[in-house]
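Understanding the architecture of this molecule
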Amino acid sequence: MSNLSIHDFIRQIPKAELHLHIEGTFEPELMFAIAQRNKVAIPYSSVEEVRKAYQFGNLQDFLDIYYAGAAVLQKEQDFYDLTMAYLLKAKEENIVHTEIFFDPQTHTERGIAFNTVITGIHKALLDGENKLGITSKLILCFLRHLSEESALKTLEQALPYKEWITAVGLDSSEVGNPPSKFQKVFEKAAEKGFLGVAHAGEEGNAEYVKEALNALKIDRIDHGNRSLEDPNLVKEIVDRKLALTVCPLSNLKLQVVKSPDLHPLKKMLELGMMATVNSDDPAYFGGYLNANFIVMTDALGLSKEEITLLAKNSFAASFLPEDEKEEKIAEVENFYNKNN
Ligand code: HPA
Ligand SMILES: [Zn+2]
């Protein structure tokens, strides 16, 4: 029995991250370094100026800045460095498994080859496993503000790399781009053996979550906050043990939730939903995974039991094989038994 403070308990507990956009881990320091070596101009004169620009009224404000930042990435080494910088951070935070989104269209639309993007990311993930002991999965996200035709083309480009990609996802501007717009491409992805996830109920209402379940047949819901507006939907999510990848600091920065004490995370757990905590775009939202746990714990008074449940959920909801999930969940329980 040790007497860890609740913040140290959060920092040290083994955990998985399931909602993390690799382009959203692009710290201004690395952005400047890569811009310089690629000889691309960026509209900021200092790291401080970049951070000052990170004030968002909504999702679209953020996306405009996020896509502009990603335009600095051009070479395989850039994608490697971006991914490795995140993995080093993950190591510090006791993240032992991570499932990473990447947005190929953000890069292919500006002439960067799919192969360049995925090879850089994949090589870093291999090194992450071999040198840092962090296991990982890769999730290809379609940009929902683009057409389904563009998504289908992206899926075709991904097929030769099937072994490296576990699931497809759906991100970018939610309202006005409902899941049903991507029904065909998700069907095709499922036929090819990919799992499916989708951002739903972040800014969009509960109908977007329902459509993601019914039209896209997803295995996990990214965000899902607004599913709480529909009790029947909540019941379905609980009954089917569908996980939600919740992103507290993201919700606060994008004004999806107005203040930490109003965040629905604890309510989700009380309703029996399989909620998990994630950082989404940590370079833009002011904190990595542990900071997300800490802001919720301080505002909602989460107990060590609730933090342990969230850590167990992170593995239970992952795309790891069952035996590896069980092994990780047992490690979380051991940690709790030693440190509660
Ligand atoms: O939180 C998000 N929502 C939608 N699209 C995104 N792309 C990166 N982060 C996000
Ligand atoms: Zn996201």
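Residues numbered from 1 in each chain as written. Chains lettered and ligands numbered in written order. Predicted model: local features only at pLDDT ≥ 70, side-chain atom pairs only at ≥ 80, totals over all residues.

According to UniProt, the "active site" (unreviewed entry) feature falls on Glu202. Residue position: glutamate 202 is located in the loop between strand S5 (195-200) and helix H10 (206-214). Take glutamate 202: there are 22 C-beta atoms within 10 Å of it, and that puts it in the buried class. The residues touching glutamate 202, leaving out its near neighbours within four places in the chain, are Leu59, Glu174, His223, Asn225 and Val256. (UniProt positions renumbered as here; feature names shortened; annotations may be inferred. Helix = DSSP H or I, 4+ residues; strand = E, 2+ residues; numbered from the N terminus. Buried ≥ 20, exposed ≤ 12 C-beta atoms within 10 Å, placed from the backbone. Contact = placed C-beta atoms within 7 Å.)

Here helix H5 (residues 76-92) crosses helix H7 (residues 114-132) at 35°, and the two axes come no closer than 7 Å. For the crossing formed where H5 meets H7, the hand is right-handed. The residues of H7 that touch H5, namely those facing Glu76, Gln77, Asp78, Phe79, Tyr80, Thr83, Met84, Leu87 and Lys91, are Thr116, Val117, Thr119, Gly120, Ile121, Lys123, Ala124, Leu125, Asp127, Gly128 and Leu132. Partitioned by chemical class, the residues of the contact of H5 with H7 number nine nonpolar, six polar and five charged. (Axes fitted to C-alpha atoms, helices over the stretch in contact; angles between N-to-C directions. Left-handed = near helix turned anticlockwise from the far one by under 90°. Nonpolar A, V, L, I, M, F, W, Y, C, P; charged D, E, K, R; others polar.)

This brings us to the pairing of strand S6 (residues 220-223). Here four bridges tie S5 to S6, and the two strands are oriented parallel to one another. If you follow alanine 198 over to S6, its bridge partner there is isoleucine 221. Note that the unit made of S5, H10 and S6 has a crossover that is right-handed. Note: S6 against strand S7 (residues 243-246), three bridges, orientation parallel. The partner of aspartate 222 across the bridge, within S7, is threonine 245. For the crossover from S6 across helix H11 (residues 231-239) to S7, the handedness is right-handed. (Pairing = 2+ DSSP bridges. Right-handed = clockwise from strand over helix to strand, strands pointing away.)

An ideal rise of 1.5 Å per residue puts 27 Å on 19 residues; H7 measures up with 26 Å between its terminal C-alpha atoms. Those residues of H7 that fall on the buried side of the exposure criterion are Val117, Ile118, Gly120, Ile121, His122, Ala124, Leu125 and Gly128. Backbone geometry just downstream of H7 places glycine 133 in the positive-phi region, at approximately 75°. (Expected span 1.5 Å × (residues − 1).)

A few words on the UniProt feature "site: Important for catalytic activity" (unreviewed entry) in the protein. Mapped onto this numbering, the UniProt entry gives "site: Important for catalytic activity" (unreviewed entry) at His223. Following the sequence through the fold, histidine 223 ends up in strand S6. If we ignore the near neighbours within four places in the chain, the residues touching histidine 223 are His199, Ala200, Gly201, Glu202, Thr245, Val246 and Cys247.

Further remarks concern helix H8 (residues 148-158). Residues of H8 that are buried include every one of Ala151, Thr154 and Leu155, and no others. Buried residues along H8 cover an arc of 105° about the axis, so they all sit on one side. When the buried face of H8 is taken as reference, the exposed residues oriented beyond 90 degrees from it are Glu149 and Glu156. Summarising the contacts, the buried residues of H8 are in contact with helix H6 (104-108), strand S3 (135-143) and helix H9 (183-191). (Arc of directions from axis to C-beta.)

As a packed pair, helix H16 (residues 304-316) and helix H17 (residues 322-339) sit with axes 9 Å apart at the nearest point and diverge in direction by 165°. One element, H16, and the other, H17, form an angle in the roughly antiparallel class. Like other packed secondary-structure pairs, H16 and H17 cross with a definite hand, here right-handed. Residues Lys304, Thr308, Ala311, Lys312, Phe315 and Ala316 of H16 form the contact with H17, whose participating residues are Lys325, Lys328, Ile329, Val332 and Tyr336. (Parallel < 35°, antiparallel > 145°, perpendicular 65-115°, else oblique.)

Here eight strands make up an open sheet; going across it, the order is S1-S2-S3-S4-S5-S6-S7-S8 and the pairing parallel. The sheet is open, and its two borders are formed by strand S1 (15-21) and strand S8 (274-277), each paired with just one other strand. Averaged over neighbouring strand pairs, the angle between their axes works out to 25° when direction is ignored. In the packing of H7 onto the sheet, the strands contacted are strand S2 (95-102) and S3, and the crossing angle to S3 comes to about 160°.

Now for the environment of proline 282. Relative to the elements of secondary structure, proline 282 occurs in helix H14 (residues 282-285). For proline 282, a count of 26 C-beta atoms within 10 Å translates into the label buried. Put simply, proline 282 and arginine 37 are 245 residues apart on the chain and 24 Å apart in space, counted from C-alpha to C-alpha. With residues near it in sequence (within four places) discarded, proline 282 still touches Gly24, Thr25, Gly287 and Tyr288.

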